[in-house]
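Chains, contacts and geometry: an overview
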Amino acid sequence: MDALESLAPSLGSDVPFCLHGGTARVSGRGELIEPLDPLTGFAVAIVVPPSEVSTPAVFRAWDEMADPVGLRLNAGDLPPALRAEEAIVNDLYPAAVAVASEIDDWRHDLEGAWGRPVMMSGSGPSLYTFFLDREEATDALSSIPRGARAAQACDLAFQGWHLAE
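Residues numbered from 1 in each chain as written. Predicted model: local features only at pLDDT ≥ 70, side-chain atom pairs only at ≥ 80, totals over all residues. Heavy atoms only, no water.

Taken as a whole, the second largest pocket spans an internal volume of roughly 200 Å³. Element by element, the count of residues in the lining of the second largest pocket is highest for strand β7 (residues 127–131), at three residues. Here the lining of the second largest pocket is built from residues that sort into nine nonpolar, three polar and four charged. (1 Å grid on protein atoms, 1.4 Å probe; cavity = no way out; pocket = protein on both sides within 12 Å on 5 of 7 lines; lining within 4 Å. Points joined across faces, edges and corners; volume = space filled by probe spheres on them. Helix = DSSP H or I, 4+ residues; strand = E, 2+ residues; numbered from the N terminus. Nonpolar A, V, L, I, M, F, W, Y, C, P; charged D, E, K, R; others polar.)

Laid out in structure tokens, this is it:
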């Protein structure tokens, strides 16, 4: 496991978390993992717009920006289980939009359809928001714009991760 943990960050920013799974606060470039107690009481809807976004291109765009202001989801917009956090911030959002401006259009369309703030995951283009339960998240997916590469309502996994059918 020590060898895998030392190799994981060089394979990708998501790989260290995938080795551990569970519920965690992840920071740095994905290599700093702080385990948290399992979360309950909400589900997530994820939509992948048709845009293909290169992670290196997003980081290059971010490097060229002067302190871009990230996309922020304030504590009051989070499910109760997450409200102890100050906010969720994605610093890469402005760079991802610079690379693929349609991500911003998709986010605004989803916010309009769902009546709640929508965040981007990592370097994009996946967009997500929180719902009370999987049924509400599934219902929300019926109102997404045409052309999404993928859309899924997700329950929380208490350990690791899995794809539900």
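Text resumes after the structure shown.
This brings us to the environment of S101. Mapped onto the elements of the fold, S101 is located in the loop between α4 (93–99) and α5 (102–114). Distance in space between the C-alpha atoms of S101 and P79 is 28 Å, their sequence separation being 22 residues.

Let's shift gears to the packing of aromatic side chains. A full pass over the atoms with the stated rule returns three aromatic pairs. With a centroid separation of 5.5 Å and an interplanar angle of 80°, the aromatic rings of W114 and F131 are classed as edge-to-face. Highlighted residues: W114 in helix α5 and F131 in strand β7, separated in sequence by 17 residues. Each of the two residues, W114 as well as F131, counts as buried. Members of the aromatic cluster, joined through ring pairs, are F42, Y128 and F130. (Phe/Tyr/Trp six-rings, centres within 6.5 Å; stacked < 30°, edge-to-face > 60°. Buried < 20%, exposed > 50% of the residue type's maximum accessible area, 1.4 Å probe, protein only.)

Before going further, it helps to spend a moment on the nonpolar core. Residues I103, W114 and F130 are the most contacted members of the largest nonpolar core, which totals 34 residues. Listing elements by their share of this core, those giving two or more residues are β3 (43–48), α3 (55–64), β4 (71–74), α4, α5, β6 (119–120), β7 and α6 (134–140). In this structure, F130 is in contact with F42, A43, V44, L73, L78, P79, L82, I88 and R116, ignoring residues within four places of it in sequence. (Core = buried A, V, L, I, M, F, W, Y, C linked by side-chain atoms within 4.5 Å. Contact = heavy atoms within 4.5 Å.)

Across the six residues that make up β3, a large majority, five, are buried. In this sheet, β7 lies alongside β3 in antiparallel orientation, the contact comprising five bridges. Within β7, the position partnered with A45 by the bridge is T129. Pairing of β3 with strand β8 (residues 150–154) involves five bridges; the strand directions are antiparallel. What sits directly across from A45, in β8, is A153. (Pairing = 2+ DSSP bridges.)

What follows deals with the pairing of strand β1 (residues 24–27). The pairing of β1 with strand β2 (residues 32–35) spans four bridges and is antiparallel. Looking at the pairing, R25 lines up with E34 of β2. Linking two consecutive strands that pair antiparallel, namely β1 and β2, is a turn of four residues; a positive phi of about 70° is found at G28 within it.

A few words now on the sheet that holds β6. Read across the sheet, four strands follow the order β6-β7-β3-β8 without closing on themselves; strand pairing throughout is antiparallel. Each having just a single partner strand, β6 and β8 make up the two edges of the open sheet. Bridge analysis of β6 against β7 gives two bridges, and the strand direction is antiparallel. Counted as the bridge partner of M119 is Y128 from β7. Its contacts with the sheet put α5 on β3, β6 and β7, and the angle it makes with β7 is roughly 20°. (Axes fitted to C-alpha atoms, helices over the stretch in contact; angles between N-to-C directions.)

This paragraph deals with the environment of R29. By the element assignment, R29 lies in the loop between β1 and β2. In this structure the C-alpha to C-alpha distance between R29 and D14, which are 15 residues apart in sequence, comes to 8.6 Å.

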